[in-house]
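The lines below spell out each chain.
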Amino acid sequence: MMLSSSRRQTRLPGLFVILAGATFAPDAARAETPGARCLEIADAVERLACFDTAIGAAVYGAAPAAPAPSTAPEPVAENGRVSPRPASLIDTVWGFLPDSRRAYVRLHQPNYLLLGRYTTDVNTAPYQPLFDAFDEEADFEDVEAKFQLSVKGRLLATDDHRWGLWFSYTQQSQWQLYSPDISRPFRETNYMPEIFGSFRPGVDFGGWQWNLLNFGYTHQSNGRSDPISRSWDRLFVEAAIERDNFVLLARAWTRITEADYEDDNPDIVDYYGHGEITGIYKWRDNSFTLMGRGNLSTGKGAAQFTWATRPLLGPLRGYVQVFTGYGESMIDYDWNQTTIGVGVTLNDRF
């Protein structure tokens, strides 16, 4: 059906009047420009629908329809104005938001530097054969530096961002920075590449949201030769639920068994167990985490607490790490100790 010539002719002048009003009377334009009220809608899909309706109504001369109400209550600031709902912590970190890129690289585990890390019991046992061979004494200090570098990248994702393929790489080093008599060696460095799939279930239950399910493969080793070589390979599944500023993350794994003649640490599961649980809480731009893992059949395991302060200098935050139990590093997988370290970090997990 053809539109009448008079209707076609009135569309452009009508739109010109709208744009002219916005240009020459900006204060009034905000109140009268179609779609201005849509700016206060937090949900991206609802906001876009509101703009479509309002602009279409202005061009065609119809009364704009009210946007569909959100099922979730909007938080209200002290001045009475509606403030945007905070984004899901999981959605933000794992690229599930609609405007996230399909492929990108970002920080993963905390990237930190502990300028000082004190241990209650220095582990010199694995190195004793080496020191004996060179007729030297193992004079490790009980205070050392420790740092971690960790990145992850999404290789591809579906159109709705609910499925993705990821890789990650994490490297952790213990550095005898305060041992000049033995040339300040790196006591231990662990390398952990991973490849895994990620899925957003989007399930709500009892005020909680299940927004993350990962599954994949992990290799971890210290890159050394015998007698201090340590390594293992695992298949894992990981799930996370959240509520407000709290995230609960659980990971379970099974070891890929190696041949006996190649296995540097056949009893490692006795100390690391088959999984770990981590709680992350955000409060006033501070981040607190508590991790626990272990093997119930052997009664061995570990716990770790961290605190990342609010930003102190640019992106740098103060960082405190307390560890107790077995396996702070792979060379220490069967060594029981308590450590405390203080330094700075670029990020926390969430």
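Reading guide: rules and limits
Residues numbered from 1 in each chain as written. Predicted model: local features only at pLDDT ≥ 70, side-chain atom pairs only at ≥ 80, totals over all residues. Heavy atoms only, no water. Helix = DSSP H or I, 4+ residues; strand = E, 2+ residues; numbered from the N terminus. Buried < 20%, exposed > 50% of the residue type's maximum accessible area, 1.4 Å probe, protein only. Phe/Tyr/Trp six-rings, centres within 6.5 Å; stacked < 30°, edge-to-face > 60°. Lys NZ or Arg CZ within 6 Å of the ring centre and 35° of its normal. Patch = residues over 30% accessible without salt bridge, like charges linked within 9 Å, V, L, I, M, F, W, Y side chains within 5 Å. Areas by Shrake-Rupley, 256 points an atom, 1.4 Å probe, with all protein chains shown as cover. Salt bridge = Lys/Arg side-chain N within 4 Å of Asp/Glu carboxyl O. Contact = heavy atoms within 4.5 Å. Polar contact = N/O pair within 3.5 Å; in protein donor to acceptor, adjacent residues only side chain to side chain. Lys, Arg positive; Asp, Glu negative; His and termini not counted. Charge placed at Lys NZ, Arg CZ, Asp CG, Glu CD. Core = buried A, V, L, I, M, F, W, Y, C linked by side-chain atoms within 4.5 Å.

So, about the environment of Pro266. With respect to the helices and strands, the residue Pro266 is situated in the loop between strand E9 (246–255) and helix H6 (268–272). Pro266 sits in the exposed class, given a relative accessible area of 60%. Measuring from C-alpha to C-alpha, the distance between Pro266 and Trp232 comes to 9.0 Å, with 34 residues separating the pair along the chain.

This structure, assessed with the given rule, holds 15 aromatic pairs. Relative to Trp166, the ring of Tyr104 lies with its centre 5.8 Å away and its plane at 85°, an arrangement referred to as edge-to-face. Of this pair, Tyr104 sits in strand E1 (residues 104–107) while Trp166 sits in strand E4 (residues 163–175), and the two are 62 residues apart along the sequence. For Tyr104, a relative accessible area of 12% translates into the label buried. On the basis of relative accessibility, which here comes to 0%, the residue Trp166 falls in the buried class. An angle of 10° between the planes, with centres 6.2 Å apart, marks the rings of Phe288 and Trp307 as stacked. Residue Phe288 is found in strand E11 (residues 286–295), and its partner Trp307 is found in strand E12 (residues 300–313); the two are separated by 19 residues along the sequence. What makes Phe288 partly exposed here is its relative accessible area of 23%. Members of the aromatic cluster, connected to one another through ring pairs, are Trp94, Tyr104, Trp166, Phe196 and Phe236. Cation over ring: Arg234 sits above Trp253, and NZ or CZ is 4.7 Å from the ring centre. The ring of Phe236 carries the charged tip of Arg251 above its face, separated from the ring centre by 3.9 Å.

A cluster of nonpolar side chains, namely Val105, Leu107, Val151, Tyr169, Tyr191, Leu312, Leu313, Leu316 and Leu346, defines an oily patch on the protein surface of about 770 Å² accessible area. Of all the elements in the fold, those that place two or more residues in the nonpolar patch are E1 and E12. Mapped onto the elements of the fold, Tyr169 is located in strand E4.

The residue after Asp226, namely Pro227, is reached through a cis peptide bond having omega 10°. With respect to the helices, strands and loops of the structure, Pro227 is situated in the loop between strand E7 (208–221) and strand E8 (231–243). Of note, the phi angle at Asp244 is positive, near 55°, even though the residue is not glycine. With respect to the helices and strands, the residue Asp244 is situated in the loop between E8 and E9. You will see that Arg284, though not glycine, has its phi angle at about 50°, which is positive.

Looking at where Ser173 falls in the secondary structure, it is placed in strand E4. Given a relative accessible area of 1%, Ser173 falls into the buried group. Considered as a pair, Ser173 and Thr189 are 16 residues apart in the sequence and their alpha carbons are 4.2 Å apart. When neighbours within four sequence positions are excluded, Ser173 is seen to be in contact with Ala145, Lys146, Phe147, Phe186, Glu188 and Thr189. Polar side-chain contacts of Ser173 include one of 3.0 Å to the side chain of Thr189.

On to the pattern of salt bridges. Using the criterion set out here, one finds 14 salt bridges in the structure. In this structure, Arg200 engages Asp91 in a salt bridge whose closest nitrogen and oxygen atoms are separated by 2.8 Å. Separated by 109 residues along the polypeptide, Arg200 in the loop between strand E5 (186–199) and strand E6 (203–205) and Asp91 in helix H4 (residues 89–93) bring together distant segments of the chain. The class for Asp91 is buried, based on a relative accessible area of 9%. For the salt bridge of Arg317 with Asp285, the shortest nitrogen-to-oxygen distance reads 3.5 Å. You can see Arg317 sitting in strand E13 (residues 316–326) and its partner Asp285 sitting in the loop between strand E10 (275–283) and E11, a full 32 residues away along the chain.

Among the surface-exposed residues, Asp139, Glu141, Asp142 and Asp181 lie close enough to one another that they form a single negatively charged patch. If you trace the backbone, Asp142 turns up in the loop between helix H5 (128–133) and strand E3 (143–157). The class for Asp142 is partly exposed, based on a relative accessible area of 32%.

Quick look at the nonpolar core now. Ile90, Trp94, Leu212, Trp232, Val247, Ile268 and Phe350 are the most contacted members of the largest nonpolar core, which has 24 residues in total. Secondary-structure elements contributing two or more residues to this core are H4, E8, E9 and H6. In terms of residue count, H6 provides more of this core than any other element does, four residues in total. Apart from the residues within four sequence positions on either side, Trp94 is in contact with Tyr104, His108, Lys152, Arg154, Trp166, Phe196, Ser198, Leu212, Asn214 and Phe350. In this structure, Phe140, Ile182, Ile228 and Ile331 belong to the second largest nonpolar core, which totals five residues.

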